[in-house]
Amino acid sequence: MRLFSLDNRLSLCASFVRKNATLADIGTDHAYLPIWLIKNGIIEKALACDINEGPLNSGRADVQSYGLSDSITLRLSDGLKEVKENEADDIVIAGMGGELIVKILSECMWAKNKDKHFILQPMTKCEVLIRYLYENGFEIMKQKACACGNKHYTVMLVHYTGEVSEVEDSFCYVGKLDFSDSESKNYIFHLLSHLEKRAISDKSLLPVIEKIKGECCS
Ligand SMILES: C[S@@+](CC[C@H](N)C(=O)[O-])C[C@H]1O[C@@H](n2cnc3c(N)ncnc32)[C@H](O)[C@@H]1O
């Protein structure tokens, strides 16, 4: 069966997965990410987890049709609750709101393990996620952005360091995006236009907007 291509968003997530890592894909839906990573020889084994039976059944059908039933374990799990610490090195949580990602991380008993890599792709409330990460001893190691059609996304590679730090409001919106990279610039331009609309009714956003503009557009 011919292998599908990942869209830019999932490709960016895939690019952050370590070679030969054991992957847990949380909220896997069709299990596209683990299937693609195994078929491309990047990893050998994965756990594909979802809180809902429906997506898990779609994932199971896809895993079977690509002949990967021995390499991908499909598991019903709310976040990481049914995943044991020794079952995953790299954990992808993509396509969910930032607040839900925070909930999943905060409910995981072993997330504060320095060897684990978390690959996080919030659809909303990136600022809530980044604040949570830094206030709880996590650090963004790398962050990139991409566009899919007219939508803009950011993906971050995160690990636990144990160092709790305070972060500025502006950092919570842009994190460690590289302002010289064109995809990151596009992401930030869209973010700024979104924040400017919100600032019409929420003036507390104005200093944040000015700070981001000063850092990225000067
Ligand atoms: C929009 S899809 C994203 C699929 C894929 N990760 C992606 O990025 O394309 C969100 C998936 O997350 C699942 N989900 C929502 N809350 C979850 C939770 N607490 N734990 C695990 N899966 C969850 C949903 O059932 C759904 O299949």
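This is a predicted model, so every value here is computed, not measured. (Residues numbered from 1 in each chain as written. Predicted model: local features only at pLDDT ≥ 70, side-chain atom pairs only at ≥ 80, totals over all residues.)

Peer 1: Explanation requested: the sheet that holds strand S7 (residues 151-160) in the structure shown.
Peer 2: Across a sheet, strands are paired by hydrogen bonds formed along the backbone, either parallel or antiparallel in direction. Reading across from one edge, S3-S2-S1-S4-S5-S7-S6 is the order of the seven strands in this open sheet, with mixed pairing throughout. The open sheet is flanked by strand S3 (72-76) and strand S6 (138-148), the only strands paired with a single partner. Strand-to-strand, the axes of this sheet are offset by a mean angle of 15°, without reference to chain direction. Both strand S2 (residues 46-50) and S3 contribute to a ladder of five bridges, which runs parallel. In the sheet register, Leu47 faces S3, and the bridge partner there is Thr73. (Pairing = 2+ DSSP bridges. Helix = DSSP H or I, 4+ residues; strand = E, 2+ residues; numbered from the N terminus. Axes fitted to C-alpha atoms, helices over the stretch in contact; angles between N-to-C directions.)

Peer 1: Where do I start with the domain arrangement of the chain in this structure?
Peer 2: Interfaces are often sized by the accessible area lost when the parts come together. Per the domain assignment, the segments of the chain are domain 1 (8-166) and domain 2 (168-218). In this assembly, 14 residues from domain 1 lie in contact with 11 residues from domain 2. Mapped onto the side of domain 1 that touches domain 2, the elements with two or more residues apiece are helix H5 (126-135), S6 and S7. Sorting elements by how many residues they give to the side of domain 1 that touches domain 2 places S6 first, with seven residues. (Domains from an automatic or database assignment. Contact = placed C-beta atoms within 7 Å.)

Peer 1: In this structure, what is going on with helix H1 (residues 8-15)? I would like to understand it.
Peer 2: Note that an α-helix has 3.6 residues per turn; residues three or four places apart therefore point the same way. Taken residue by residue, H1 has Arg9, Leu10, Leu12, Cys13 and Ala14 as its buried positions. The secondary structure elements touched by the buried residues of H1 are helix H2 (32-39), strand S4 (90-96), strand S5 (117-122), S6 and S7. (Buried ≥ 20, exposed ≤ 12 C-beta atoms within 10 Å, placed from the backbone.)

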